Amino acid sequence: MDFEKTLKDTVIKAIKDLYSVEADPAKVTVQKTRKDFVGDFTIVAFSLLAYSKKVPVDTAKELGEYLQENLSIVSDYNVVNGFLNISIDKEQWHKFLKQIFDNANFAFKAKNDKSPKVVVEYSSPNTNKPLHLGHIRNNLLGWSISEILKASGKEVNKVNLVNDRGIHICKSMLAWKELAEGKTPEDENMKGDHFVGKYYVLFNDEYKKQVQELIAEGKTKEEAEKEAPWLVKAQKMLRSWERNSRKIRQLWTQMNEWVYAGFDETYKKLGIDFDKTYYESETYLDGKRRVLKGLTEGDLSQRDDGTVLIDLEEYGMDEKVLLRADGTSVYITQDIGTAIMRYDDFKFDESIYVVGNEQDYHFKVLSIILDKLEYPWSNRLTHLSYGMVELPEGKMKSREGTVVDADDLIEEMINTARKTSEELGKLSDFTKEEAEKVYEIIALGALKFYILKVDARKNITFNPQESIDFNGNTGPFVQYTYARIRSLVRKAGTEQNIDISGNYEDITVDDKEKELIKIMYSYPSVIEEAAKLRTPSIIANYVFDLAKNFNKYYHEIPILKEEDKNIKLFRLKLSNQVSLVVKSAMGLLGIDVPERM
RNA sequence: GGUCCAGUAGCUCAGCUGGAUAGAGCAACAGCCUUCUAAGCUGUGGGUCCCAGGUUCGAAUCCUGGCUGGAUCACCA
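Residues numbered from 1 in each chain as written. Chains lettered and ligands numbered in written order. Predicted model: local features only at pLDDT ≥ 70, side-chain atom pairs only at ≥ 80, totals over all residues. Heavy atoms only, no water.

## What about the domain arrangement of chain A?
Then, number 1: When its domains are assigned, chain A resolves into domain 1 (3–88), domain 2 (122–390) and domain 3 (406–588).
Then, number 2: A C-alpha centroid distance of 39 Å is found between domain 2 and domain 3.
Then, number 3: Opposite the 32 residues of domain 2 that make contact, domain 3 presents 30 residues.
Then, number 4: The interface formed by domain 2 and domain 3 holds two salt bridges in total.
Then, number 5: Its salt-bridge partner being Asp 407, residue Lys 191 comes within 2.7 Å of it at the nearest N-O pair.
Then, number 6: Taken together, the links from domain 2 to domain 3 amount to 16 residue pairs in polar contact (both at pLDDT 80 or more).
Then, number 7: Mapped by element, the contributors of at least two residues to the side of domain 2 that touches domain 3 are helix H5 (133–151), helix H8 (192–216), helix H11 (246–270), strand E11 (350–356), strand E12 (381–386) and strand E13 (389–391).
Then, number 8: Here the element with the most residues in the side of domain 2 that touches domain 3 is H5; it accounts for 12 residues.
Then, number 9: Its residues assigned to classes, the side of domain 2 that touches domain 3 shows 16 nonpolar, nine polar and seven charged. (Domains from an automatic or database assignment. Contact = heavy atoms within 4.5 Å. Salt bridge = Lys/Arg side-chain N within 4 Å of Asp/Glu carboxyl O. Polar contact = N/O pair within 3.5 Å; in protein donor to acceptor, adjacent residues only side chain to side chain. Helix = DSSP H or I, 4+ residues; strand = E, 2+ residues; numbered from the N terminus. Nonpolar A, V, L, I, M, F, W, Y, C, P; charged D, E, K, R; others polar.)

## Some thoughts on the sheet that holds strand E7 (residues 276–279)
Then, number 1: Within the open sheet, the five strands sit side by side as E7-E6-E5-E11-E12. Their pairing is parallel. Each having just a single partner strand, E7 and E12 make up the two edges of the open sheet. When strand polarity is set aside, the average angle formed by the axes of neighbouring strands in this sheet is 25°.
Then, number 2: Looking at chain direction, E11 and E12 are connected through six bridges and run parallel. Looking at E12, one finds that Ser 351 is bridged to Leu 381. (Pairing = 2+ DSSP bridges. Axes fitted to C-alpha atoms, helices over the stretch in contact; angles between N-to-C directions.)

## Side note on the protein's contact with RNA strand B
Then, number 1: Residues in contact with RNA strand B amount to 63 residues; listed here are only the nearest, Arg 324, Lys 395, Lys 426, Tyr 480 and Tyr 554.
Then, number 2: Taking all atoms of RNA strand B within 4 Å of the protein, the share assigned to sugar and phosphate is 62%.
Then, number 3: Between RNA strand B and Gly 472 there is a distance of 3.2 Å, counted from a phosphate oxygen to a backbone nitrogen or oxygen.
Then, number 4: Take Ser 487: an N or O atom from its side chain is 3.1 Å from a phosphate oxygen of RNA strand B.
Then, number 5: Looking at the surface near RNA strand B, the elements that each hand over two or more residues are strand E2 (41–44), strand E4 (83–88), helix H15 (406–424), strand E15 (460–461), helix H18 (475–496) and helix H21 (537–556). (Near = heavy atom within 4 Å.)

## Observations regarding the pattern of salt bridges
Then, number 1: In this structure the tally under the stated criterion is 35 salt bridges.
Then, number 2: The closest approach of N and O atoms between Lys 150 and Glu 147, which form a salt bridge, is 3.2 Å. On the criterion of helical spacing, the pair formed by Lys 150 and Glu 147 is a turn pair, its members being three residues apart in helix H5.
Then, number 3: Looking at Glu 147, the relative accessible area reads 16%, which means it is buried.
Then, number 4: Arg 486 serves as the salt-bridge partner of Glu 595, at 3.1 Å between the closest nitrogen and oxygen. One end of the pair, Glu 595, is in the segment after helix H22 (565–588); the other, Arg 486, is in helix H18, and 109 residues separate them in sequence.
Then, number 5: A cluster of three or more residues bridged by salt bridges with shared partners is formed by Glu 147, Lys 150, Lys 158 and Asp 273. (Buried < 20%, exposed > 50% of the residue type's maximum accessible area, 1.4 Å probe, protein only.)

## Observations concerning the pairing of strand E6 (residues 155–162)
Then, number 1: Burial analysis of E6 places seven of its eight residues in the buried class, the great majority of the element.
Then, number 2: Pairing geometry for strand E5 (residues 117–121) and E6, over five bridges, is parallel. Residue pairing in the sheet places Val 119 in a bridge with Asn 157 of E6.
Then, number 3: Considered for its hand, the β-α-β crossover made up of E5, H5 and E6 is right-handed.
Then, number 4: In this structure, E6 lies alongside E7, joined through four bridges in parallel fashion. Within E7, the residue paired with Asn 160 across the bridge is Thr 277. (Right-handed = clockwise from strand over helix to strand, strands pointing away.)

## Quick look at the packing of helix H4 (residues 90–100) against H22
Then, number 1: One can describe the packing of H4 onto H22 by two numbers: an axis separation of 11 Å at closest approach and a directional angle of 65°. The angle between the axes of H4 and H22 places the two elements in the roughly perpendicular class. Along this stretch, H4 crosses H22, giving a crossing that reads as left-handed. Residues His 94, Leu 97 and Ile 100 of H4 form the contact with H22, whose participating residues are Phe 570, Leu 574 and Gln 577.
Then, number 2: Looking at the contact of H4 with H22 residue by residue, the classes come out as four nonpolar, two polar and no charged. (Parallel < 35°, antiparallel > 145°, perpendicular 65-115°, else oblique. Left-handed = near helix turned anticlockwise from the far one by under 90°.)

Structural data, given as structure tokens:
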């Protein structure tokens, strides 16, 4: 049932019948009728004047008449200026509703053997510090985009690439070795990632001190920054790591395990998961090997000091170093290895990297290098480049301690949800455990919705006060709508003994009901659009709109209090269907909905 | 300086494959709980859609130039 397509096809046919010309489908635009006008769909006549050779009003009228005569779904039409407003027969909307009753996933496309294979990489944390607000946006986007792509019929694999090696890891290892006296996260009752992050901070503190001392001794700033004892030690540690020194590797494994335990907890809380996890420590050597192969095959060049680089002049870019003079690999070398490994693993049609827009250049270069190395799939990499998360007072800076920690933020949101709920006295009959679960659902709903409702490409200002607001265009608003409907359905069963899976007869839907049906009707195209544009914000805005319209309906129209049993059943079924769509759409955003709140 | 992205109500954002009178939420103000959950609903005020040109029957939307802000142009990741 595709009203737009039917209308469009028929308009093309009408132009042929009426004016004896073949119309360009691109010139026939069918759009939703604006609220202030009567009708469901609007056809713009201006672009069709070349075919009709008539003024807009007459063209619209002739087409309107043709449509009404030849299409049974068209009940009426009106013409305003050059706009032809078409009304679809209410019974048609009703028919659509009947088709989707009790089907929670009517808008989802099933995948099949021919579905495109998509790999989505996101999260990609460093193992030297805990996750922060920026990671939260990354994780939510990556997870949600994956679900949206699945819903649009793609075969999706979610992967994580853990950046578990490099000098930054050695820094926290060194600080731990020097200062911790063998303490573990358990000893200090800390989450593993926070524990390791603490030593990373301690390293930087000590390093700064050492630099100051050297400067006081008469060294220049550059000399001091290079010669500070702890940095030298950390570099030595990295070399030992690359040589597979057993002691260093043991320490490395231990500290990473602590961090992973912490990450897992945060991922779990956020509801984030992966189908496969890659570790940079396992992929960087592949990248290195591939680069060396490219060197022998003549795709790459080498300087006298041993540095391996690629000349990208033919692509209008500079040269790019792929291996340092000492043979160690750089960031992009690892990504070359990972990309190749990933293609071997998945034979993807598309590989999406969910990474901040600060790395636009990096991913451009990556595709080009893979192209130059003659991988036919090099053009299948896409960078989902999202904007930065900023605070009202400016950018987050770890050095200035203005980074918002992911765990702290979640905790704070849960506290606010608890406080608000207790003030409203909503869940007084719940056990403590039950209530806590709802607080968590609400808190995460607020956080996720707040972040995902903004277009992924744009920078986002994270205002803590605003994010914790549960009114208006927020996750809890939508969740509340869901809980209200569930309450209706529960009461229908327990207090009035109504089975909402039953059937009703002889109903004429009224305008408010038609409005709700129309919004649900557009759900499949909304998913399609979100999948195409790669932004969950479209889903968030959609589900808010649906919830808002339902609240209005709920306020104006009696449902359980309706006396006509037939009408009551219809309204319950309609409401129930709205709740299914709300749950489905929120699910695409990774947001759970509570039965009560 | 080159490249890329953004600039819409006091604030946060929709709308951008050109279409009718530019929409929400927050904040402000005024109402609605003996009636299905008031985390809700209704109403009021609030706009040079950054500026200037251009294309078009029609521009917030497309093009050109400028202004402002951000990112990037590493043998950091």
